[in-house]
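# Remarks on the overall topology
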Amino acid sequence: MGTISSAHLRNSTDLIERIRHVDLAGKKMASFDVKALFTNVPVVGAMKAVQKVIESVSESELPVNKTDYIKLVSLCVKFGCFTFGEEEFVQHRGLAMGSPLSAVMASLYMELLESESLVRVMGSESLWFRYVDDIIVIMPTDTNVNDKLCKLNEVNEHIQFTVEEEVNGVLPFLDTVIHRKNERAIFSVYRKPTNKDDFVHFFSRHDMKTKSGIVIGFFLRAFRVCSDEFLHDECAYIVEAFKRTGLRIIHCAGKKTKDIVTNNPPRAENEDSVIYKIPCSGCSSSYIGETGRGLKKRIYEHKNDMRHHRTSNSLVVHARDKGHLPNWVGATTLRKGLKKRDRKTVEAAYITTEEETTNHREGFVCLSRAAAQLTISATGRPPGRDQSAHSTFQRTAT
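Below, the structure is looked at part by part. Going along each chain's sequence as written, the residues are numbered from 1 onward. Reporting in this predicted model follows two pLDDT cut-offs: at least 70 for local features of residues, and 80 or more for side-chain atom pairs to be given and counted; totals over whole chains, interfaces and linings ignore these cut-offs and use all residues. In computing side-chain properties, one takes all heavy atoms of the structure into account and sets aside hydrogens as well as water.

## Points about helix H3 (residues 43-55)
Applicable threshold: Numbered from the N terminus, helices here are DSSP runs of H or I no shorter than four residues, and strands are runs of E no shorter than two. One less than the number of residues in a helix, times 1.5 Å, gives the span that helix is expected to have. Exposure classes here rest on a 1.4 Å probe applied to the protein chains alone. A residue is buried below 20% of its type maximum, exposed above 50%, and partly exposed in between. Residues count as neighbours in contact if any of their non-hydrogen atoms are within 4.5 Å of one another.
With 13 residues, H3 should reach 18 Å at 1.5 Å per residue; the first-to-last C-alpha distance of 18 Å fits that figure. Within H3, the full set of buried residues consists of Val43, Gly45, Ala46, Met47, Ala49, Val50, Val53 and Ile54. Taken together, the buried residues of H3 touch helix H4 (66-78) and helix H5 (100-122).

Shown next as structure tokens:
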């Protein structure tokens, strides 16, 4: 997806990255929603979008030739039979709800409409981004939103939109709330008015990893979504919500978020699990990386990439573009002994906090600067530094 139209959003993190630096002066925001998208997408139109994408794909990337591939997809979406109340029915319009193909083909069809009509209706001065059937538009303040809504609904009689405009500089979209501040967008987590914070209780019979994973997931979402202004309040909200499920907060040094509901004895550190930094010999930039195979072996692999000019390696790209070689001797270990997921998260935090890096990717997760600093201080003790105290959870009897 994203082949036909650049308006496609992968997730809320992608949304934040695209609009966080947009100047909102003289602009207003609105969100459009497509009514019952799947069952209103014309199969012929969806197949046209699929064919357009397949044309740009090499046949070697497909399991069969392009002609047979199109025929197989067509067979899957046109055979829409189902049973209800012991009677058999045939779906005569739209894509089937529940089909694995429907979400992809509906998104591709929307990309086709965007490239042909929808974006043009909004005008060149507007920004249009879409996640499946949810669209956010940033447009000039003098735009008549209801007039635009009518014109969008005229494009296709089956693809009909509803609209919600920002109120007092606030607009909910996906799982975020977009706030206007100093003519820039800042973000917090969105919860529906019907949200009741009903989570798995600590004393349920769910697996311990499931329980801890739920809580960790909420904190990771807070780090990904929240701007600095909202991160503290969101973390406090999560704490209070999970205290009602049999968890309580304590303050202690050395605990990690993953220790939320476990009392297992600490395992020996894996000395080969490291986050490292390689400075550039010709400028102030540095490369931040992580590996579970040890720093010595990873540097050997980097040198091998340099010898073979593998441009998938950021160090190779920097050397090619700037003419600067890495300072291998100056390579240092920033953190060691972390498990793989923690290691990747902390690596992303170091990339965010480093002033200049040669990394061409942000890392495992996208973090704000404040969230990155919190992650570095809260996930363990860097070599040679005192370990900071932070909040974590333990079980409590009720």
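## A look at the packing of H5 against helix H6 (residues 145-155)
Each pair of packed helices gets described by two things: the angle between the helix axes and the distance between those axes. We count it as follows: Axis geometry follows a simple rule: fit a line to the C-alpha atoms, using only the stretch in contact for helices, then measure angles between N-to-C directions, giving values from 0 to 180 degrees. Orientation is classified from the angle alone, with under 35 degrees giving roughly parallel, over 145 giving roughly antiparallel, 65 to 115 giving roughly perpendicular, and any other angle giving oblique. For any helix crossing, the convention is left-handed if the near helix is rotated counterclockwise from the far helix by under a right angle, and right-handed if that rotation is clockwise.
Across the interface, H5 lies against H6 with an axial gap of 9 Å and an inter-helix angle of 160°. Accordingly, the angle class assigned to the pair H5 and H6 is roughly antiparallel. Remark: the crossing between H5 and H6 carries right-handed chirality. Contacts between H5 and H6 pair Leu113, Ser117, Leu118, Val121 and Met122 from the former with Lys148, Lys151, Leu152 and Val155 from the latter.

## Overview of the packing of aromatic side chains
Let me state the cut-off plainly: For Phe, Tyr and Trp, rings pair up if their centres lie within 6.5 Å, where Trp contributes its six-membered ring, and each pair is then called stacked (planes under 30 degrees apart), edge-to-face (over 60) or tilted (otherwise).
The final tally for this structure, using the stated rule, is four aromatic pairs. When the ring of Phe199 is compared with that of Phe242, the centres are 4.6 Å apart and the planes differ by 10°; the resulting orientation is stacked. Separated by 43 residues along the polypeptide, Phe199 in the loop between strand S9 (184-189) and helix H7 (208-225) and Phe242 in helix H8 (residues 228-243) bring together distant segments of the chain. Note on Phe199: relative accessible area 23%, which makes it partly exposed. Given a relative accessible area of 2%, Phe242 falls into the buried group. When the ring of Phe218 is compared with that of Phe242, the centres are 5.4 Å apart and the planes differ by 75°; the resulting orientation is edge-to-face. On the criterion of sequence distance, the pair formed by Phe218 in helix H7 and Phe242 in helix H8 is long-range, its members being 24 residues apart. Taken together, the aromatic side chains of Phe199, Phe218 and Phe242 make up a single cluster linked through ring pairs.

## Overview of a nonpolar patch on the surface
Short version of the rule: Every patch collects residues that have over 30% relative accessible area and no salt bridge, joining them within 9 Å if they carry like charges and within 5 Å if they are nonpolar side chains (Val, Leu, Ile, Met, Phe, Trp, Tyr). Every accessible area reported is derived by Shrake-Rupley at a probe size of 1.4 Å, with residue values counting cover from the shown protein chains alone. The rule for a salt bridge is simple: a side-chain nitrogen of Lys or Arg has to be within 4 Å of a carboxyl oxygen of Asp or Glu.
Together, Phe82, Phe84 and Phe89 give the surface a local cluster of nonpolar side chains, amounting to about 330 Å² of exposed area. By the element assignment, Phe89 lies in strand S3 (residues 87-90).

## Description of the layout of surface pockets
Inclusion rule: Cavities and pockets were defined on a 1 Å grid built from protein atoms only: a cavity is a group of points that admits a 1.4 Å probe but offers it no way out, a pocket is an open group of points flanked by protein on both sides within 12 Å along at least five of seven lines, and a lining residue is one with an atom within 4 Å of any such point. Grid points are joined across faces, edges and corners, and a volume is the space filled by probe spheres set on the points. Under this grouping Gly is polar, as are all residues other than the nonpolar Ala, Val, Leu, Ile, Met, Phe, Trp, Tyr, Cys and Pro and the charged Asp, Glu, Lys and Arg.
As a volume, the second largest pocket reaches approximately 400 Å³. Contributing to the lining of the second largest pocket are 21 residues, with Tyr287, Glu290, Arg298, Glu347 and Arg361 lying nearest its centre. Going through the elements one at a time, strand S12 (286-291) and helix H11 (340-353) are the ones with two or more residues in the lining of the second largest pocket. It is S12 that provides the largest number of residues to the lining of the second largest pocket, a total of five residues. Of the residues assigned to the lining of the second largest pocket, the class counts are five nonpolar, nine polar and seven charged.

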